Structures are given as structure tokens and as C-alpha cells.
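Take a look at the letters that make up each chain.
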Amino acid sequence: MTALTRSVTGSRTVVEVPPALRTWVTDRILAPVTFVLLVVAIGSVVVRLTGTTIPMAVQLVPFAISILVFGLPHGALDHLVPARLRPGTGTWTSIAVVVVLYLVVGTVTAALWAVAPLAGFVVFIGITWFHWGQGDLYVDRLLDDGASGRLGASLTVAVRGALPMVLPFVAHPGATVLVIASTTRAVGGSGPASIPVAARIGGALLVLALVVLHLVVVHRSGAPVWRQAVEDVTLVLFFAAVPPVLAVGLYFTLWHSVRHVLRLELTDERSAVQLHRGRLLAPFLRFMRQAWPITAVAVAMLVVLALVLRRADLGVYLALIAALTTPHAVVVTWMDHVQHTWRRHATITTTTGTEPR
């Protein structure tokens, strides 16, 4: 196996993404997750045809797992991102900047939820729409496919964020309203009584238009369209067929978080080399070792929040995630800027010698 191609500027190492790594990521990470979501979608259809429902205890399993694996930990290395990507940035400076960011932005987000819970939930949906879309955009750039240019990037973010954020409202309005009510009640608010039919129709038409336009633009960009088509169709079927709690929990844990963990592993030179050699477990265990302290802090925050609100349910967990998602999205947007994610190609950028091994 050939080595990664490197060029060094100061303390920063820019690693070109080799074709072998792109193939390996597609075959060993992305394809299996897509297959799992498709199987769950088919299984949900079968369950519905038999006239039964998936127990809520089962639907909550992915969210429960996400507390310790992939989900909550996927943002636990935000404090190391500036040190890894900005030349000359020390570890403690990196930590201080991100801690201040989280305190300020997280506090503002929590204050919005406290004053206007429903508005806070709407903002949470909008930010997550963008953030989950930008996660898929990075993968497109890493694999050197997808819609090209800034306009194509905007379309990718729009469609890939809309699928998990809009389709549950369209296909499962009753269950979605219950989730909104549970989350807003956790901070003393209330949710909508129902979702208007016109809004559901509008959402369905929006998703359909975005998917079709997305595939057309990818094709006209000259990029392979098969992966985009398979993923778009799978996500449409998945969120249309699977109950929203199970669907969003699985997507958050297996789709979005796994992709972001991969992105973080590729900013670590040692993990990037291991991934190129086809090793999956070692980089993940390294990531978990680095992520566990902040994950433990987040879990402690969840426990404290549950004690303060005197309830421990999905609504409380989503309220915490909302407060953490906004500053996390700011960090990832900065990563997009530094790594030129909105351009046609992607590089792996690491900063050597500035973080603890």
C-alpha cells in the first residue's frame, strides 16, 4: 500500500486523499450504513403491513446508544480542531477558544429555549438542517464526487439536510408532534397541536424537487451519480417508512456521527495513515480515547439537566443536544472554511506536534 502524499507548510501537513482511501471509505463505511438504513426501512414497511407497531422502547435504542457511542462523542474533539487545522495554534489556546465559544453560543441557545421553547426548537431544526447537510458535503468532497462548485455545495447541504429534517414531518406528523411537545415541555413550553396538511404537501414537494435537482446537477457536473442516487433514494424511503424517533436516532448515530468521526480521524495524521491502510478499529479506538473526557462532561450535563427538570426522557436529551449543536455547527463551519470544503476537491489537513498523543 502506498503512503499518503504529504506537503508540509510550517507545522501543518496537507495530505492529498488517495483514490484507494476513497474506495475504502465508500465500500467499508458508507455502503454498509446505507444498507442498514435500507434494511430498517424495509423492515418498518413489513411491520406496518402486519398492523403492528415498533415499541417505543425499541425506537429509543439508537438514541440511548448515541449517548456513549458516535452520537454525543462525535463533537467531543471540537476543542482540538483549531490546534489540528490552524498552524501555530497550541493545544491550550485551542481549548480556550472552543470553551469560550461553547459557553457563549450554548448559553444564548439555552436562553432562547428558556424564553421561547417552540422558537428554540424551530431554530434547532434549521441549524441541524444545515449542519447535517454540511456533513454530507464533506464526504462528497472527500470522495471527489457530488455536485461541484459553491452552488452545487449549497444544493447538497439543502437536500441532505432536508431529508432527515423535513420528511418526518411529512410522513409521520402525529409522532413528530409528540416529539416536539416532549422536547418543548422539558423546558416549560408547549408544541403545536398538529401539522397542517398544506405544510406536509409543501414539504413533500420541496424534498422531491431538491432530490431531482440534486441528481441532475451531479450528473451535469460530470461526477458519478450512482452513489448520490442510491443514498438519496435510501434516505427518502428510510424517513418515509421508519417512525421518526427510530429514524432520527439511527441517522444521527450511524450516518451523521460516523461521517464526522471519520472526518476527525482524518485530521489526525496517525489515524489517517491507519485508515489508508484499511484499518478501521484502531483509529476509532484512538478517537474514543481522545473523546471520552468531554463525552463524560456531556453525560454529566445530561444527568444534571434531568435532575433539574425532574425528568429523564428523549425530550431532555434533545434539549441538551440543541444547546450543544449550535456551537458544534460553528466549529464545523470553520472546518469547512479551513479545509475548503465548499470547493470541488478536499484535502486532509493536520497540524503536527501540537496535541497530546
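Asker: I'd like a description of the pattern of salt bridges, backed by residues and values.
Answerer: In the structure shown here, the tally under the stated rule is twelve salt bridges. Salt-bridge contacts for Glu231 lead to Arg227; the nearest nitrogen and oxygen are separated by 3.0 Å. Placement of both Glu231 and Arg227 in helix α10 (residues 226-241) is noted, with a separation of four residues, approximately one turn of the helix. You can call Glu231 buried: its relative accessible area is 2%. For Arg263, the salt bridge identified is with Asp336, shortest N-O distance 2.8 Å. Placement of Arg263 in helix α11 (residues 244-265) and of Asp336 in helix α14 (residues 314-338) is noted, with a sequence separation of 73 residues between them. Overall, the relative accessible area of 2% leaves Arg263 in the buried class. We classify Asp336 as buried; its relative accessible area is 3%. One connected set of salt bridges, linked through shared partners, spans Asp136, Asp140, Asp145, Arg160, Arg227, Glu231, Asp232 and Arg259.

Asker: Explain the environment of Thr253 residue by residue, including any values.
Answerer: Structurally, the position occupied by Thr253 is in helix α11. Relative accessible area serves as the criterion here: at 4%, Thr253 is assigned to the buried category. Each C-alpha atom, one on Thr253 and one on Trp226, is 24 Å from the other, the two residues being 27 residues apart in sequence. Not counting residues within four places of it along the chain, the set of residues in contact with Thr253 comprises Pro62, Ser66, Val69, Phe70 and Val258. Reaching out from Thr253, the side chain makes a polar contact with the backbone oxygen of Gly249 at a distance of 2.8 Å.

Asker: Outline the environment of Arg220, supporting the account with residue identities and numerical values.
Answerer: By the secondary structure assignment, Arg220 is in helix α9 (residues 197-220). Residue classification places Arg220 among the exposed positions, given a relative accessible area of 72%.

Asker: Residues and numbers for the packing of aromatic side chains, please.
Answerer: Evaluation of the coordinates by the stated rule reveals ten aromatic pairs. Between Phe70 and Phe284, the ring centres sit 5.0 Å apart and the planes meet at 40°, which makes this aromatic pair tilted. Here Phe284 lies in helix α13 (residues 281-309) and Phe70 lies in the loop between α3 (61-66) and α4 (81-85), a separation of 214 residues in the sequence. Considering the side-chain rings of Phe238 and Phe239, the 5.0 Å spacing of their centres and the 80° angle between planes classify their relative orientation as edge-to-face. The exposure class of Phe238 is buried, given its relative accessible area of 0%. Every member of this aromatic cluster is reached through a ring pair, and the members are Trp132, Phe238, Phe239, Tyr251, Phe252 and Trp255.

Calculation criteria
- Residues numbered from 1 in each chain as written.
- Predicted model: local features only at pLDDT ≥ 70, side-chain atom pairs only at ≥ 80, totals over all residues.
- Heavy atoms only, no water.
- Salt bridge = Lys/Arg side-chain N within 4 Å of Asp/Glu carboxyl O.
- Helix = DSSP H or I, 4+ residues; strand = E, 2+ residues; numbered from the N terminus.
- Buried < 20%, exposed > 50% of the residue type's maximum accessible area, 1.4 Å probe, protein only.
- Contact = heavy atoms within 4.5 Å.
- Polar contact = N/O pair within 3.5 Å; in protein donor to acceptor, adjacent residues only side chain to side chain.
- Phe/Tyr/Trp six-rings, centres within 6.5 Å; stacked < 30°, edge-to-face > 60°.

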